[in-house]
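# Coordinates in review
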Amino acid sequence: MERDRCEQYRGNGSFGLFRAALVTTLKQSPKYHPISMKRIECAADEIRIDLSASFEVEEALREQQVEVVVHCAARAHILNDTAQSPIDEYRAVNTHATIRLAQQAAAAGVKRFVFISSAKVNGERSDLGYALTEFVSKAPVDPYAISKHEAEIELVRLAEKTGMEVVILRPPLVYGAGVKANFAALMKLSRTALPLPFGAINNKRSLISLDNLIDIICCCLEHPAAANQTFLVSDDDDVSTTELIKELADAYHSRVKLIPVPTSILSGLLSVLGKKNIA
């Protein structure tokens, strides 16, 4: 079996949580020897890397005999971005640094590169009545999704050129103990005593639990059929925003009050308030 695994992350927020869960799972199996790649506080058996700066990890990957890299670091969850050119900042980390890491991995003899992308690559929504597929029919919208999509394209080209296998995973919103960002905001809303205007939202949104995402990553570490494939992954239990808030409220034993405001009016109000992305 493969001897070494390499996982790489941005060590704060949800990425830190994700990294910890992945490493814990891998360490529980005698097949794997996870090697962390971190920006700071590296131990002797870890590899230091900073995706926002110049880095060289080819020699370290070769010395550690790494066979699979799981790349789950990203610039994300910056709601009030003050960068002069956000798209350039996202591309620097999510596209260019990703490809540089993959190039060095291929040169070091890494057999497989597992890239954690995003469902946002497929755009903000599917056509009514249709699910998203691995084929991108609509252009991604925000800088984060654009940078992830561009990385996917370059990784496929690199796989064709070098022979290193690439697996692309596009998870939707991830939930689990300790999660932050959007799901944390929904959890907070579900416990409020104030009435919320989210009682008439009839959308369908895919989610994936942290445990299920870790499971599919572990499967993609070595499954032959995963080589050079792109997967959209979810719990197969799509819910509306209204249903999700209700279920969260039930879990917290809270009595949330949802007012059935039509989505057209709700979207209009949020847009006027400068919250179009939230809408």
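### Details of the pairing of strand 2 (residues 34-38)
Of all five residues that make up strand 2, five are buried, and the element is covered over most of its length. Bridge count for strand 2 against strand 3 (residues 47-48) is two bridges, and the pairing is parallel. By the bridge assignment for strand 3, Met37 is matched with Ile47.

### Considerations on helix 7 (residues 241-251)
Residue pairs spaced three or four apart in an α-helix point in one direction, given the helix's 3.6 residues per turn. Every buried residue of helix 7 is accounted for by Thr242, Leu244, Ile245, Leu248 and Ala249. Relative to the axis of helix 7, the buried residues are bounded by an arc of 165° and lie together on one face. In helix 7, the exposed positions that point more than 90 degrees away from the buried face belong to Asp250 and Ala251. Packing partners of the buried residues in helix 7 comprise helix 5 (181-190) and strand 8 (207-209). Once helix 7 finishes, His253 follows within two positions and takes phi at roughly 55°, a positive value.

### Considerations on the layout of surface pockets
When its volume is computed, the second largest pocket comes out at roughly 150 Å³. Taken together, Asn122, Arg125, Ser126, Asp127, Tyr130, Ala131, Leu132, Thr133, Phe135, Ser137 and Lys138 form the lining of the second largest pocket. Partitioned by chemical class, the residues of the lining of the second largest pocket number four nonpolar, four polar and three charged.

Quick notes on the rules
Residues numbered from 1 in each chain as written. Predicted model: local features only at pLDDT ≥ 70, side-chain atom pairs only at ≥ 80, totals over all residues. Heavy atoms only, no water. Buried < 20%, exposed > 50% of the residue type's maximum accessible area, 1.4 Å probe, protein only. Helix = DSSP H or I, 4+ residues; strand = E, 2+ residues; numbered from the N terminus. Pairing = 2+ DSSP bridges. Arc of directions from axis to C-beta. Contact = heavy atoms within 4.5 Å. 1 Å grid on protein atoms, 1.4 Å probe; cavity = no way out; pocket = protein on both sides within 12 Å on 5 of 7 lines; lining within 4 Å. Points joined across faces, edges and corners; volume = space filled by probe spheres on them. Nonpolar A, V, L, I, M, F, W, Y, C, P; charged D, E, K, R; others polar.

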